[in-house]
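Coordinates in review
These are the residues of each chain, in order.
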Amino acid sequence: MADVYDKAKRSQIMAKVKNKNTTPEIYLRSILHKAGYRFRINRKDLPGKPDIVLLKYKAVIFVNGCFWHGHSCKRGHRPQSNMQFWNEKIDKNIARDKLVLDELKKMGWRALTIWQCEIKKERQEALLSKIAAFLSCNDAISGNADENV
């Protein structure tokens, strides 16, 4: 299937895709703050510049977009046009995510991945429970890529 936009228009659309302060990130930060958690955002001195850094717990939270990071939900569906490009791009993102998690683990940090599809207002309590459980455990790395709230 061919792209419905010409190359210039597609480039313009893709240039507007944000990589920080996305709607899911802002929403998650809001519910964490209301629940009493204090955190920093996008720490450049940590691998992968985590979206949320909870220093008190030596833990980080990544808020990953399902499409961009190859989640196994319906939002993570890969496009049928320009398949080679998208497969390479998404596969590189997945490999980089694994590398970042390994680096954080070596540094003594725990990491949790929250997927875009998990952040829904009707699931706020379940999401907070998942984060609270993650912060209270002492495992080196938590947060399974296929785990859903």
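Everything numeric in this text was worked out from a predicted model, so none of it was measured. (Residues numbered from 1 in each chain as written. Predicted model: local features only at pLDDT ≥ 70, side-chain atom pairs only at ≥ 80, totals over all residues. Heavy atoms only, no water.)

**A closer look at the packing of helix H2 (residues 23-34) against helix H4 (residues 124-136)**
So the rule is basically this: Orientation is described by lines fitted to C-alpha atoms, with helices fitted over the stretch in contact, and by angles between N-to-C directions that extend from 0 to 180 degrees. For helices the rule is a DSSP run of H or I covering at least 4 residues; for strands it is a run of E covering at least 2, with both sets numbered from the N terminus onward. Orientation is classified from the angle alone, with under 35 degrees giving roughly parallel, over 145 giving roughly antiparallel, 65 to 115 giving roughly perpendicular, and any other angle giving oblique. Contact between two residues is taken to exist if any of their heavy atoms lie within 4.5 Å; hydrogens are not considered. Under the scheme applied, nonpolar residues are Ala, Val, Leu, Ile, Met, Phe, Trp, Tyr, Cys and Pro; charged residues are Asp, Glu, Lys and Arg; polar residues are all the others, including Gly.
Two elements in contact, H2 and H4, have axes separated by 11 Å at closest approach and are oriented at 75 degrees. By the angle between their directions, the pair H2 and H4 is classed as roughly perpendicular. Counting all contacts with H2, which are made through Tyr 27, Leu 28, Ile 31 and Leu 32, the residues of H4 involved are Gln 124, Leu 127, Leu 128 and Ile 131. Its residues placed into classes, the contact of H2 with H4 shows seven nonpolar, one polar and no charged.

**Some remarks on the pairing of strand E3 (residues 110-115)**
Worth spelling out the cut-off: Partly exposed describes any residue whose relative accessible area lies between the buried limit of under 20% and the exposed limit of over 50%, with all areas from a 1.4 Å probe on protein chains only and scaled to the type maximum. Here, any two strands with at least 2 DSSP bridges between them count as paired. With the strands pointing away from the viewer, any crossover whose connection runs clockwise from the first strand over the helix to the second is right-handed.
The buried fraction of E3 amounts to six of the six residues, a majority that puts the element mostly inside the structure. The alternating pattern of E3 places Arg 110, Leu 112 and Ile 114 and Ala 111, Thr 113 and Trp 115 on opposite faces, both of which are buried. As paired elements, strand E2 (residues 59-64) and E3 share six bridges and run parallel to each other. Bridge pairing in E3 places Val 63 opposite Ile 114. A crossover links E2 with its parallel partner E3, the connecting element being helix H3 (residues 83-106), and its sense is right-handed.

**What to know about the pairing of E2**
Buried residues dominate E2, accounting for six of its six residues. Burial along E2 is two-sided: Ala 59, Ile 61 and Val 63 and Val 60, Phe 62 and Asn 64, pointing in opposite directions, are all buried. Both strand E1 (residues 52-54) and E2 contribute to a ladder of three bridges, which runs antiparallel. When the sheet's bridge partners are listed, Ile 52 is paired in E2 with Ile 61. Hairpin connection, E1 to E2: the antiparallel pair is bridged by four residues, and Lys 58 has positive phi, about 50 degrees.

**A few points about the sheet that holds E1**
Spatially, three strands are ordered E1-E2-E3 in an open sheet, and the strand pairing comes out mixed. Pairing within the sheet leaves two strands with one partner each, and these edge strands are E1 and E3. For this sheet, the mean angle separating the axes of adjacent strands, direction not counted, is 20 degrees. Sheet contacts for H2: E1, E2 and E3; angle to E2, the most-contacted strand, approximately 140 degrees. Against the sheet, H3 engages E2 and E3, with an angle of about 170 degrees to E2.

**Overview of the side chain of Asn 93**
Short version of the rule: The definition of a polar contact used here is a pair of N or O atoms within 3.5 Å, where within protein one atom must be able to donate a hydrogen and the other to accept one, and adjacent residues in sequence count solely through side-chain atom pairs.
Following the sequence through the fold, Asn 93 ends up in helix H3. Here Asn 93 falls in the buried class, since its relative accessible area comes to 9%. Only 2.9 Å separates the side chain of Asn 93 from the side chain of Arg 96, close enough to count as a polar contact. Here Asn 93 is in contact with Trp 68 and His 69, once residues within four sequence places are set aside.

**Thoughts on the packing of aromatic side chains**
This is how the line gets drawn: Any two of the Phe, Tyr and Trp rings considered here, Trp counted by its six-membered ring, make a pair once their centres fall within 6.5 Å; the pair's planes then place it as stacked at under 30 degrees, edge-to-face at over 60, or tilted in between. Ring-over charges, as used throughout, are those where CZ of Arg or NZ of Lys falls within 6 Å of the ring centre and within 35 degrees of the ring normal.
For the coordinates displayed, the defined rule picks out five aromatic pairs. Connected via pairs of aromatic rings, a cluster forms that spans Phe 67, Trp 68, Phe 85 and Trp 86. Cation over ring: Arg 110 sits above Phe 134, and NZ or CZ is 4.8 Å from the ring centre.

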